[in-house]
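Working through the structure, step by step
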Amino acid sequence: MQDGKTPISRRRFLQTSMAAAAVGAGLQSPLVKGLVPRVQAAGSRPDQGEITSHFTACDMCFNRCGMIARKQNGVIKKLDPNPKCLKSRGMICARGNAAVKHIYNPDRLKYPLMRKGKRGEGNWERVSWEEALDYTAEQLMDIAEKHTRCGVMFTPGVDSQARFVQQFADVFGSYNITNHESLCLLSRNRAYLDTFGEVPYPDVLHSRYIIIAGANPLEAFITPDTTDLIEAKKNGCRIVVLDPRFTRTAALAHEWHQIRPGTDMAFFLALCHVIVKGERFCCPDKTFGYDKFVEHVAKYTPEWAEKECGIPARDISRIAHEITEAAPRAMVYPGRRTSDYEDSTQIRRAMAITNVLLDNWDRPGGLLASREVGVRSPFYHIPWYDDNPFDRVEAGKASGLFDDIGSFQLMREAVISGEPYPIRGWFSFKTNFMQTAPDRQKTIRMLDNIDFFVNIDIFMSDTAWFADVVLPGNSFLERKDPVHPLQGSSACACAFIRDPVVEDMFESRPPFWILQELSKRMGFGESFDFTIEEYRKKQVEGLDGALEIMHRDGIYFNPSKVYGIYAGSPLKTLSGVKEIYNQRYERSGDDPMPVYRRPSNPPEGQFRLVVGRTAFFTQSRTNNELLTEFMEENTLHMHPESAERLGLKNNDLVEVASRAGKDRLRLEIDEGIEKRTVYMATGFGSLSPQMSLVYKKGASIAEILEDTHDEITGNAAMHETLVSVRKVS
Amino acid sequence: MKKKYAMVVDSSVCIDCKACMVSCKVQHSLPRGHWRNWIKEMRPDFSLGKYTYGHFQPGNCMHCENPTCVHACPSGATYKDEETGIVQINEDFCIGCGNCIVACPYFARYRHPVRRVPDKCDYCQDRLAMGLQPACVDTCPTKARVFGDLNDPESEAAFLLRTRDTVKITTSPEDTKPNMYYLASTEPMDWPGEVKYPAAHSTMTGLVNPLFKIAVGLSGLAVAAMLIRQIFSGSQSSEQEEKKEEA
C-alpha cells in the first residue's frame with residue numbers, strides 16, 4: 001500500500017467474483033464458462049505441493065502392518081497400506097488410518113518435564129534435556145548404590161526400540177524387567193509352550209474348521225489372522241464362536257454359543273471326551289500321556305458339560321464330530337489376550353490338548369511352528385554385579401512364571417511389601433499400567449515405595465502422570481528404527497525398518513538417543529556406542545540384499561519353510577513329543593492335565609465383569625480424535641432383563657463397584673450379553689487431564705478390576721471380578 | 001472412452017472395523033461429526049439362538065444414474081460428470097441452498113460446517129488421478145469394497161457384476177438407479193429416506209431460471225470488469241498482501 005491506494009487483494013477479488021458467479025443458475029453463459037477455470041488456476045486453490053510416498057510400518061498396535069505415508073509440504077497427510085505387505089494383506093485398520101492424529105496430536109508431550117508438587121497433582125516444570133537426563137542418571141545410580149541395581153524395575157512397552165530398553169536394563173544390571181505381556185497373553189504362551197514346546201501361529205487361511213473361544217479376532221485385530229478368517233470362511237471354513245458376548249466375530253460366525261463365562265474348559269474337555277471315544281485320532285504315539293488323558297476325560301461327558309457351560313450336549317457332540325472330520329485342517333484358535341481367569345493357563349491347556357487331538361501341529365490349516373526370518377539379535381555384554389540379589393523379585397511366586405517377563409502384579413506386590421528385597425526405582429517406556437493393570441489404587445500405593453520414577457512416552461498417559469520425570473519420546477513416523485523381524489502365520493516371515501518420514505516434533509527424541517545419553521552419564525556409554533545403521537547391518541548379516549529390499553519395497557520376505565519344520569525331530573518339551581500329560585506340572589504341584597473348576601456364580605444382584613476392546617482402539621490408546629468419534633466414552637453393557645430387574649434404563653449413569661474400587665459410566669442395554677455378565681471396554685476414565693479426550697470420560701477397568709492372577713504364570717485374571725451396579729441419580 | 005465408475009460391495013465380509021470411515025475422513029479432512037461414507041448395521045434377531053448373526057453394510061454416495069441431488073440443484077453446482085459417472089460438486093457455483101442434501105434419499109450429503117457447501121464422496125478423484133484406489137477401498141481389511149469402471153470389461157467390478165448376483169438399494173417412487181451394487185444380498189435394506197424436492201424447486205427451475213441466466217450474464221460482466229481492474233492495478237503491494245493471506 002505504498003502509493004496510498006487500496007488494491008483489491010486476489011482473495012477479495014475472487015470472493016467478490018465468485019459470489020457474483022454463484023448467483024447465476026444454469027451456467028450457460030459463455031463468459032462465465034470461459035472465465036472461471038482461469039480464475040481457479042490463478043490461485044483460488046493454492047498449489048498444494050508435491051506428494052511424496054514413504055514406506056513405514058504401523059505402530060498403533062503390536063501388529064506392525066506395512067504402510068505408505070503420503071507427505072506434502074513436510075506434513076503427513078495420509079497413511080495408506082503397503083500392498084506388498086503380506087502379513088497385513090495390504091490393509092490398515094481404523095487405528096492405522098488414525099495415526100495422523102497420533103503424530104499430530106495437541107496432547108503430545110513436547111519437552112522434558114519434572115514433577116514439582118506431589119505425585120499425580122500435575123504440577124510440572126519444563127526442563128532442558130540436559131537437566132532431565134542428568135537428574136535421571138543421578139537418581140538411577142543413587143538407587144543402584146543404595147539398593148543394588150535390581151532396585152530399579154524396567155517396563156519396556158511394545159515397540160521396535162523396546163529391545164534397547166531391555167539392553168539398557170541388562171547392562172545397567174537389573175533383572176526386574178516386565179512388560180504388558182503379564183496383562184495379556186502369558187497364560188496362552190505357557191499352555192502352548194508346555195504342550196507343543198513353542199507358541200504356535202495359527203494357519204487360519206488354510207483351515208476348514210475353527211473354534212474360537214476366549215478370543216475376538218474380528219475386533220482385536222491380529223494380522224493376518226483377522227483377514228484370513230474371512231478369506232477362510234469364503235473358502236468354506238466353518239467358524240464356531242463361544243462367547244458370553246455377541247461380538248463382531250460371533251456376528252459373522254456360522255454358529256455362536258453364548259457360553260457361561262469361565263466355563264470354556266468344560267466345553268473343551270467334553271469335546272476331547274467325544275473325540276477320544278471316536279478313535280479318529282491317529283497318532284497317540286507322538287504324544288505323552290494319551291492313555292492317562294483318555295481316563296481323565298471319561299467323566300467329562302457332553303451331558304456334564306452342558307450343565308456347566310450351557311451349551312447343549314448334542315451341539316458339543318456334533319461339533320466334536322465335525323471338527324474331527326475336518327482335521328488336521330482344523331483348530332481351536334489359540335487367541336491372544338488370555339488374562340481372564342485364575343486357571344487361565346489350564347483353560348488354554350484344554351484348548352491346546354484339543355489341538356493335539358486334531359493332529360494339526362506343523363501342518364497346513366493347523367498350528368504352525370516359528371519360521372526362520374533370519375534377522376539376528378546383535379550380541380551385547382551383560383556385566384555381573386556382585387551385590388545383586390540372586391533372582392528377580394517375584395521369583396517363585398508362581399510355578400510357571402516366565403524368567404524374562406515375570407508378572408506385573410506379583411512384582412507390584414513385592415514392591416509394596418519390600419520383600420524379598422526393595423525396589424525403589426521405576427523406568428517405564430510406553431507402558432500404561434495405571435490404565436491397564438487391575439487394581440489401580442494398588443498401583444498408586446506401590447508408588448509410595450518408589451523413590452524415583454521416570455517415564456518415556458509420547459503422551460502424558462495416566463502412568464506418566466504419576467512420574468517424577470517425563471521424557472517425550474518421538475512417534476514411529478519420526479523414527480529410525482532397527483530391523484524388526486515378524487512372522488505372519490503361513491503368509492510370510494518378514495522384516496521391515498522405519499526411517500523418519502518427518503523430523504522429530506517439538507523436543508521429542510528417539511528412545512535410543514535417550515538411552516545413549518543416559519548410558520553415557522551412568523558409566524556404560526560404550527554399550528550404546530553405535531548407530532542404528534551399524535546395528536541394522538549386524539542384524540541382517542547373512543541376509544544378502546535384505547536392507548536394500550526393505551528400502552525398495554518397505555518389507556523383506558524370507559522364503560523359509562512353512563510346514564513340516566520339525567520333520568520328525570523332537571519338540572522342545574520335556575518328553576520331546578506333544579505333552580498331553582505335563583511332567584513339569586506334576587513336579588510343581590500343578591494339575592498335569594486340566595481339571596475343571598467351576599467359576600463362582602455371581603450372587604443375586606451381582607455380575608461378572610468382562611473386559612475387552614473394539615476394532616478401533618488399542619487398549620488404553622484411546623486419546624485420538626479420529627477414533628473417539630466412534631466412542632466418546634465407554635459404556636457398561638447389560639442384558640435388558642437384568643437391567644429391568646435393577647430398574648435401569650439405557651444411558652442411565654451407573655456406578656460399578658467391586659472390592660477393588662468403583663467408577664461411573666453410562667449403561668448400554670445389550671441383548672447380546674449373557675444375563676449375569678456385564679462388559680466394558682478398556683481405555684477410559686483417564687486420570688491424566690492431558691489425555692484430554694478420555695479424561696474422566698467413562699470408567700477405567702483398572703479402577704474396578706480386582707487384583708487376581710493366573711496361578712501358573714502370574715498373568716492377570718481380568719474376568720474374576722464380580723461387581724454390583726447401581727444407578728447414580 | 002467414457003468411464004462408468006461404480007462400487008461393488010461384498011457386505012457379507014464387512015467386519016465393521018471403521019477403517020474405511022477413518023481413511024475417508026483423513027483423506028478429505030472431514031470435520032468431526034460428519035462422514036462421506038458409513039457402515040450400516042442390521043439389528044440381530046437373538047431369537048435365532050446359536051444361529052444369531054450380524055450383517056454390516058458399507059456404503060457411500062451411490063453416484064446414481066438418476067441423481068436426484070443433481071435435479072434438485074438450482075445452480076448447476078452439482079452435476080454428473082459424463083466422462084466418469086462421478087456425481088460432482090463445483091463448490092464455486094454452489095449457493096448453499098441445501099436442496100441437494102434433502103433430495104438424496106441415502107443421506108450421502110452433509111453441509112460442511114465451515115465451508116457451508118454440501119460435501120460428499122467423489123470416489124477420491126485426486127487419488128484416482130494418482131493411480132490409487134479410493135481411500136476406503138484401498139484400506140479395507142477384508143476388501144469388501146471393490147471399485148472400478150463398469151465400461152471396462154477387464155475391471156474386477158465389471159467382472160463381479162457379470163458373474164455374480166447383486167442387489168441395489170433402490171428407492172421409490174423415484175428410482176435413483178444407484179451405481180452401488182451389493183453381492184448376493186445385504187442388510188439392512190429399508191433405511192433410505194424419501195426423495196425430497198423443495199416446493200419452490202420446480203417453480204424456480206421452470207420459471208425463475210431464465211431470469212437467473214440473465215443475472216449470470218450480468219455477473220459475468222462484473223467479473224470481467226474486476227479482472228481488468230486487477231490486471232491494471234496489479235501493484236507490488238497487492239502481491240505482498242496476497243502472499244500474507246495465503247501463508
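Residues numbered from 1 in each chain as written. Chains lettered and ligands numbered in written order. Predicted model: local features only at pLDDT ≥ 70, side-chain atom pairs only at ≥ 80, totals over all residues.

Regarding the overall build of chain A
- Along chain A, the regular secondary structure elements total 23 helices and 26 strands.
- Whereas a compact globule of 729 residues would reach a radius of gyration of roughly 27 Å, chain A reaches 28 Å, a difference of no more than 12%.
- Each principal axis of the C-alpha atoms in chain A carries an extent, and together these give about 105 × 75 × 65 Å.
- Contacts in chain A between residues far apart in sequence, at least 24 positions, make up 74% of those at least 6 positions apart. (Helix = DSSP H or I, 4+ residues; strand = E, 2+ residues; numbered from the N terminus. Rg over C-alpha atoms; globule rule 2.2 N^0.38 Å. Contact = placed C-beta atoms within 7 Å.)

Digging into the overall build of chain B
- When helices and strands are tallied, chain B shows eight helices and 10 strands.
- Burial analysis of chain B (247 residues in total) assigns 40% to the buried set.
- Within chain B, residue pairs in contact and separated by at least 24 positions form 59% of the contacts whose partners lie at least 6 positions apart. (Buried ≥ 20, exposed ≤ 12 C-beta atoms within 10 Å, placed from the backbone.)

Some thoughts on unusual backbone geometry
- The step from A:Thr223 to A:Pro224 runs through a cis peptide bond, and the omega angle for that step is 5°.
- The residue A:Pro224 is located in the loop between strand S8 (209–213) and helix H8 (225–234) in this model.
- Between B:Glu187 and the following residue, B:Pro188, the backbone shows a cis peptide bond with an omega angle of -5°.
- Relative to the helices and strands, B:Pro188 is located in the loop between strand S10 (180–183) and helix H7 (199–232).
- In this structure, A:Arg89 takes a positive phi of about 55° despite not being glycine.
- Within the secondary structure, A:Arg89 is located in the loop between strand S3 (75–81) and helix H3 (94–97).

Side note on the nonpolar core
Residue and element names in this part refer to chain A.
- Counting residues in each nonpolar core, the largest one holds 264 residues, and the members touching the most others are Phe-267, Leu-269, Leu-271, Cys-494 and Ala-495.
- Looking at this core, the element that brings in the most residues is helix H10 (residues 264–278), giving 11 residues.
- Once you skip the residues sitting within four places of it in the chain, Leu-271 turns out to touch Ile-316, Ile-319, Ala-320 and Thr-354. (Core = buried A, V, L, I, M, F, W, Y, C linked by C-beta atoms within 7 Å.)

As for helix H18 (residues 511–521) of chain A
All names here are of chain A.
- Counting buried positions along H18 yields eight of 11 residues, so the element is predominantly enclosed.
- Turning to H18, its buried residues number three or more, namely Pro-511, Phe-512, Ile-514, Leu-515, Gln-516, Glu-517, Leu-518 and Ser-519.
- Buried positions along H18 lie against helix H5 (129–147), helix H6 (162–172), strand S14 (425–429), strand S15 (452–457), strand S16 (469–472) and helix H19 (532–539).
- Downstream of H18 by one or two residues, Gly-523 has phi in the positive range, about 90°.

What to know about the sheet that holds S3(A)
Residues and elements named next belong to chain A.
- Taking strand neighbours across the sheet as the criterion, the three strands line up as S1-S2-S3 in an open arrangement whose pairing is antiparallel. A single partner strand is all that each edge strand has here, and the edge strands are strand S1 (51–57) and S3. On average, each strand axis in the sheet is tilted by 30° relative to the strand beside it, whichever way the strands run. (Pairing = 2+ DSSP bridges. Axes fitted to C-alpha atoms, helices over the stretch in contact; angles between N-to-C directions.)

Considerations on the domain arrangement of chain A
Residue and element names in this part refer to chain A.
- Partitioning chain A into structural domains gives domain 1 (10–44), domain 2 (130–195 + 380–473 + 517–524), domain 3 (199–369) and domain 4 (606–727).
- For domain 3 versus domain 4, the separation of C-alpha centres amounts to 28 Å.
- Of the residues lining the interface, 18 residues belong to domain 3; the matching set on domain 4 comes to 22 residues.
- Grouping the amino acids of the side of domain 3 that touches domain 4 by side-chain chemistry returns six nonpolar, six polar and six charged. (Domains from an automatic or database assignment. Nonpolar A, V, L, I, M, F, W, Y, C, P; charged D, E, K, R; others polar.)

Let's talk about the sheet that holds S16(A)
All names here are of chain A.
- Read across the open sheet, the six strands follow the order S5-S4-S16-S15-S14-S6; overall the sheet is mixed. Pairing within the sheet leaves two strands with one partner each, and these edge strands are strand S5 (124–126) and strand S6 (152–156). Across the sheet, the axes of successive neighbouring strands diverge by a mean angle of 15°, strand direction being ignored.

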